[in-house]
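Chain by chain, the residues:
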Amino acid sequence: MRSCRQFMHLSASCFVGLLLSLATFSIASAPVSSPASTSPAISAPAPGARAVSIALVTGKSRLHKFKDPVSRISIGDPSVADVMVVNPQELYLLGKKPGATNVLVWHAGDKTTAIDVMVGADTAAVQALFKQLMPDQKQLRVTAAGESLVLSGQVTDAVKVQQAIQIAEEYSGKKVMNMLSTDHLPQVLIEVKIAEVNKDVLDKLGLNVSGTDFAFAAIGGASMGATSPVAGLSANAAGKFGNTNAWLQAQITSGAMTILAEPNIMAISGQEGRFLAGGKVFMPVPQSNAVGGSSVITLQEEPYGVGIRFTPTVLNGGRINLRVQPEVSEVSQQGIPVVAGGSTVVMPNIITRQASTTVQLYDGQSFAIGGLIKNKTEEVISAFPGLANIPIIGALFRSSSYSAGRTELLIIVTPRIVQPLGSPPPLPTDKFTPPTQSEFFLQGKMEGTKPTIANVPTQSQEGVNP
């Protein structure tokens, strides 16, 4: 009897052990690859599921552990991430491409866990690089947005913004979105003085001869300017002479012209400012017409005058990085002749002097751009053939013209860091008083007399009891 009871006890123990072994085997034999092919994609977690968020880097993997054993898993989009069961309490996740998906995990007792998986670029490596290269920028942050990187936070100046963007682009090779801000964007006032001196010298000396009804012809040949020979001349030649005028011309002309412009313009650090004092001319530009293939003439605007373009950037320590492009242009009096359709049209010609440079200097310091010099010399000699080569008297048969021009341009630029005014400044017209009719017509005044404000005496407060 005792043997039978012992045998039944052992049989029950073996049966329980066998059931536990089968349960363990069923859990361990769960799919070790992504079960997307066997389980349907689930876009929303079951009610009551625990929510977990995991951020993955494209091409990198990580492990996630659970307290409860895992019985089944399902992933929403296998192209974004891959998931596998390493053991009953640990998952392996791999980021494939930027995007978002979710993973549902079933545990014993119908418990579920919903894992939101977000796959993006490697921001930790870029953040570590910023910490190494720009240690003073403590508020610089890097986050991923799809296939792009987002830079946010606050930096000291605009130069740091450009450096951070360039570092992120070169390291990651991805598009970088700039959401950085600076501490305080100072405003920079640019004082520019542009002076141009143009000096021309013109010398003329010569004998001018002009005549009317003048002709000369050889005997037996066709007449040149005359219809018949004139009687009384020699037998070798015949000619006809009318009125002849001759005079000596001597002229010396000297001219000097100075153009001075002082534009002042203000811009925020890192932004471009422009200034132009001049005008615009319209230049005809030929373009082909799609209909019929004929050419069409369009007008294109070309500005001229005194202009400047600059981009200031305020650096640490009050230094100003300034990129400036001054330009001085004018419409030339001598145009360009163009022959089209049997007619000659003179096109306007614009003479331009410009410079472009980038410098660094402190508030109130100045730099000059000089050496923009243009020299032009022209010599013209008009002479009568043969007679002009006779010594001494040959000068009477020559006309000489000498022209020389010299143009020099000087540009002085002074940047200043300014602050806005708290109240409106007074204007020059605030103190102007228009004259009355009697003051204007009878007295000839251009400005009227300011009215005087009488001082009203205030009542004395002495002897008054409170």
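Residues numbered from 1 in each chain as written. Predicted model: local features only at pLDDT ≥ 70, side-chain atom pairs only at ≥ 80, totals over all residues. Heavy atoms only, no water.

## Here's the deal with the overall build of the protein chain
- Broken down by element type, the protein chain carries four helices and 24 strands.
- Per-residue burial for the protein chain yields a buried fraction of 25% across its 466 residues.
- In the protein chain, once contacts between residues fewer than 6 apart in sequence are set aside, the share between residues at least 24 apart is 65%.
- Accessible surface for the protein chain amounts to roughly 31300 Å². Of this, 58% is attributable to carbon and sulfur atoms. (Helix = DSSP H or I, 4+ residues; strand = E, 2+ residues; numbered from the N terminus. Buried < 20%, exposed > 50% of the residue type's maximum accessible area, 1.4 Å probe, protein only. Contact = heavy atoms within 4.5 Å. Areas by Shrake-Rupley, 256 points an atom, 1.4 Å probe, with all protein chains shown as cover.)

## A look at the environment of Met134
- Mapped onto the elements, Met134 comes out in the loop between helix 2 (123-133) and strand 8 (141-145).
- Residues Met134 and Lys160, 26 residues apart in the sequence, show an inter-C-alpha distance of 8.6 Å.
- Other than its neighbours up to four places away in sequence, Met134 contacts Lys160, Gln163, Ala164 and Ile167.

## Re the packing of aromatic side chains
- Per the stated rule, a full pass over the model turns up one aromatic pair.
- The interplanar angle of 85 degrees and the centroid separation of 5.1 Å between the aromatic rings of Phe440 and Phe441 together place this pair among those described as edge-to-face.
- Between Arg72 and the ring centre of Trp106, over which it is positioned, the NZ or CZ distance is 3.8 Å. (Phe/Tyr/Trp six-rings, centres within 6.5 Å; stacked < 30°, edge-to-face > 60°. Lys NZ or Arg CZ within 6 Å of the ring centre and 35° of its normal.)

## Re the sheet that holds strand 1 (residues 50-57)
- Pairing within the open sheet is mixed, and its four strands lie in the order 1-7-6-3. Among the strands making up the open sheet, the edge pair consists of strand 1 and strand 3 (70-75). Between one strand and the next, the sheet's axes are offset by a mean angle of 25 degrees, whatever the strand orientation. (Pairing = 2+ DSSP bridges. Axes fitted to C-alpha atoms, helices over the stretch in contact; angles between N-to-C directions.)

## Points about the sheet that holds strand 9 (residues 148-155)
- In space, the three strands of this open sheet follow the order 8-9-10, with mixed pairing throughout. Of all the strands in the sheet, the pair left with one neighbour each is strand 8 and strand 10 (176-182). Across the sheet, the mean angle separating the axes of adjacent strands is 15 degrees when strand polarity is ignored.
- Bridge count for strand 9 against strand 10 is seven bridges, and the pairing is parallel. Within the sheet, the bridge partner assigned to Ser152 lies in strand 10 and is Met179.

## Examining helix 2
- For helix 2, the set of buried residues is Val126, Leu129 and Phe130. Down the axis, helix 2 shows its buried residues gathered within 100 degrees of arc, on one side only. More than 90 degrees from the buried face of helix 2, the exposed residues found are Ala124, Lys131 and Gln132.
- Buried positions along helix 2 lie against strand 8, strand 9 and helix 3 (158-172).
- Two or three places before Ala124, at the opening of helix 2, Asp122 has a side-chain oxygen 3.4 Å from that residue's backbone nitrogen. (Arc of directions from axis to C-beta. Polar contact = N/O pair within 3.5 Å; in protein donor to acceptor, adjacent residues only side chain to side chain.)

## Quick look at the nonpolar core
- Ranked by size, the top nonpolar core spans 21 residues in total, and within it Ile190 and Val413 carry the most contacts.
- If we skip the residues at most four places from it in the chain, Val413 touches Ile190, Glu191, Val192, Leu322, Val324, Gln365, Ser366 and Phe367. (Core = buried A, V, L, I, M, F, W, Y, C linked by side-chain atoms within 4.5 Å.)

## With respect to a nonpolar patch on the surface
- On the surface, a nonpolar cluster with roughly 560 Å² of combined accessible area is contributed by Phe384, Leu387, Ile390, Ile392, Ile393 and Phe397.
- Considering the arrangement of structural elements, one finds Phe384 in the loop between strand 23 (367-383) and strand 24 (398-418).
- Note on Phe384: relative accessible area 48%, which makes it partly exposed. (Patch = residues over 30% accessible without salt bridge, like charges linked within 9 Å, V, L, I, M, F, W, Y side chains within 5 Å. Salt bridge = Lys/Arg side-chain N within 4 Å of Asp/Glu carboxyl O.)

## What to know about the packing of helix 2 against helix 3
- Interaxial distance between helix 2 and helix 3 falls to 11 Å at its minimum, and their mutual angle equals 135 degrees. Classed by the angle they form, the pair helix 2 and helix 3 counts as oblique. For the pair helix 2 and helix 3, the crossing hand works out as right-handed. In this structure, helix 2 uses Ala125, Val126, Leu129, Phe130 and Leu133 to contact helix 3, whose residues at the interface are Ala164, Ile167, Ala168 and Tyr171. (Parallel < 35°, antiparallel > 145°, perpendicular 65-115°, else oblique. Left-handed = near helix turned anticlockwise from the far one by under 90°.)

## Brief notes about the pattern of salt bridges
- Counted according to the given criterion, the structure contains six salt bridges.
- A salt bridge links Arg416 to Glu191; the shortest N-O distance between them is 3.2 Å. Remark: Glu191 occurs in strand 11 (residues 187-211) and Arg416 occurs in strand 24; sequence separation between them is 225 residues.
- Judged by relative accessible area, Arg416 falls into the partly exposed class, the value being 33%.
- Looking at Glu191, the relative accessible area reads 26%, which means it is partly exposed.

## Topic: helix 3
- Across its 15 residues, helix 3 extends 22 Å between first and last C-alpha, which sits within 8% of the 21 Å expected from 1.5 Å per residue.
- Here helix 3 has its buried residues at Ala158, Lys160, Val161, Ala164, Ile165, Ile167 and Ala168.
- Looking one or two residues past helix 3, Gly173 carries a phi angle of roughly 70 degrees, positive in sign. (Expected span 1.5 Å × (residues − 1).)

## Some thoughts on the side chain of Glu439
- By secondary structure assignment, the location of Glu439 is in helix 4 (residues 437-442).
- For the buried residue Glu439, which engages in no salt bridge, the nearest side chain bearing the opposite charge is Lys445, 4.9 Å off. (Lys, Arg positive; Asp, Glu negative; His and termini not counted.)

## Focus: the environment of Thr311
- With respect to the helices and strands, the residue Thr311 is situated in strand 17 (residues 295-314).
- Considered as a pair, Thr311 and Gly270 are 41 residues apart in the sequence and their alpha carbons are 6.2 Å apart.
- Other than its neighbours up to four places away in sequence, Thr311 contacts Gly270, Gln271, Glu272, Asn321, Leu322 and Arg323.

## Details of the environment of Ile336
- Residue placement: Ile336 occurs in strand 19 (residues 336-340).
- In the structure, Ile336 is positioned eleven residues away from Met347 in sequence and 4.9 Å away in space, judged by C-alpha atoms.
- When sequence neighbours within four positions are dropped, the list of residues in contact with Ile336 reads Val345, Val346, Met347 and Asn349.

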